[in-house]
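# Per-entry structural report
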Amino acid sequence: MEKTFIMVKPDGVKRQLVGEIVSRFEKRGYTLADAKLMTISRETAESHYGEHSDKPFFGELVDFITSGPVFAMVWEGENVIENARTMMGATNPKDAAPGSIRGDYAVNVGQNIVHGSDSPESAEREIALFF
Ligand code: RTP
Ligand code: MG
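This is a predicted model, so every value here is computed, not measured. (Residues numbered from 1 in each chain as written. Chains lettered and ligands numbered in written order. Predicted model: local features only at pLDDT ≥ 70, side-chain atom pairs only at ≥ 80, totals over all residues. Heavy atoms only, no water.)

### Observations regarding the sheet that holds strand E4 (residues 114-116)
Put simply, the rule is: A pair of strands is considered paired only if DSSP assigns at least 2 bridges between the two. Secondary structure elements follow DSSP: runs of H or I no shorter than four residues count as helices, runs of E no shorter than two count as strands, and numbering proceeds from the N terminus. Axes here mean lines fitted to C-alpha atoms, for a helix over just the part in contact, with angles spanning 0 to 180 degrees between N-to-C directions. Contact between two residues is taken to exist if any of their heavy atoms lie within 4.5 Å; hydrogens are not considered.
Here four strands make up an open sheet; going across it, the order is E2-E3-E1-E4 and the pairing antiparallel. Looking along the sheet, the strands with just one partner apiece sit at the ends: strand E2 (31-38) and E4. Within this sheet the neighbouring strands show an average axis-to-axis angle of 15°, counted without direction. Here strand E1 (residues 3-8) runs beside strand E3 (residues 70-76); their pairing, made up of six bridges, is antiparallel. Residue pairing for E3: Thr 4 is matched across the bridge by Trp 75. The sheet contacts of helix H7 (residues 120-130) involve E1, E2, E3 and E4, and relative to E1 the element is tilted by about 60°.

### Section: the environment of Phe 58
Here Phe 58 lies in helix H4 (residues 58-65). Note: C-alpha distance between Phe 58 and Glu 46 (twelve residues apart in sequence) is 8.6 Å. Aside from chain neighbours lying at most four places away, what touches Phe 58 is Glu 46, Tyr 49, His 52 and Ser 53.

### Focus: the layout of surface pockets
Here is the rule: Detection works on a 1 Å grid of protein atoms alone, calling trapped sets that fit a 1.4 Å probe cavities and calling open sets with protein on both sides within 12 Å along at least five of seven lines pockets, with lining residues defined by an atom within 4 Å of a point. Grid points are joined across faces, edges and corners, and a volume is the space filled by probe spheres set on the points. Nonpolar residues are Ala, Val, Leu, Ile, Met, Phe, Trp, Tyr, Cys and Pro. Charged residues are Asp, Glu, Lys and Arg, and all others, Gly as well, are polar.
Reported here for the largest pocket is a volume of approximately 520 Å³. Lining the largest pocket we find 23 residues, and of these Lys 9, Phe 57, Leu 61, Thr 91 and Asn 112 sit closest to its centre. When contributions to the lining of the largest pocket are tallied by element, the ones reaching two or more residues are H4, helix H5 (80-88), E4 and H7. When its residues are assigned to classes, the lining of the largest pocket shows six nonpolar, ten polar and seven charged.

### Structural notes on the site of ligand 1
Quick note on the threshold: Here a residue is considered near a molecule or strand provided that any single heavy atom belonging to it is located within 4 Å of it. Within 3.5 Å is the distance limit for a polar contact, defined as a pair of N or O atoms, with the added protein rule that one can donate a hydrogen and the other accept it, and that residues adjacent in sequence qualify only through two side-chain atoms. To be clear on the numbers: accessible area is Shrake-Rupley with a 1.4 Å probe, and residue cover counts the displayed protein chains and nothing else. For this analysis, a molecule is said to be in a pocket or cavity if more than half of its atoms are within 2 Å of the grid points defining it.
Near ligand 1 there are 13 residues, and of these Lys 9, Tyr 49, Thr 91, Val 109 and His 115 occur at the shortest range. The backbone of Gly 116 places a nitrogen or oxygen atom 3.4 Å from an oxygen atom of ligand 1. Coverage of ligand 1 by the protein chains reaches 78% of its 560 Å² of free accessible surface. More than half of the atoms of ligand 1 fall within 2 Å of the grid points belonging to the largest pocket. A class-by-class count of the residues in the shell around ligand 1 yields four nonpolar, six polar and three charged.

Below you can see the structure in the form of structure tokens.
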């Protein structure tokens, strides 16, 4: 069965949105396969976001994702990688549809509540990195 890596970012944990996000995936019909609350090291953050290492926002992104605990999860089920991305909404909350997680709970691109793998290759790499 297909698996993806979903993470509630430090802003989502601080705002007590872990339960809300877990609930949305459960209600959609997905199965929680693994989960843990953790603080990410800079090394793990730099590896996780390695594709963005040359972007101007990389430093800020690593600072933010290591700034407090995250809730890391593996979700399992049919088409979960693509459907999770739809459930999360656009990267920039200003473009995220109402009803999506970012469209309902975020306003700032740097603090957009949730991460989800963007492809089967990313899912495999990210699950191995975090679990
Ligand atoms: P994520 O990896 O966190 O799930 O987000 P994503 O796939 O929707 O977006 P991606 O392009 O991978 O960007 C990773 C994170 O970088 C931050 N970002 N900031 N300041 C900016 O212009 C900017 N652009 C992207 C966002 O927090 C985004 O989630
Ligand atoms: Mg991404």
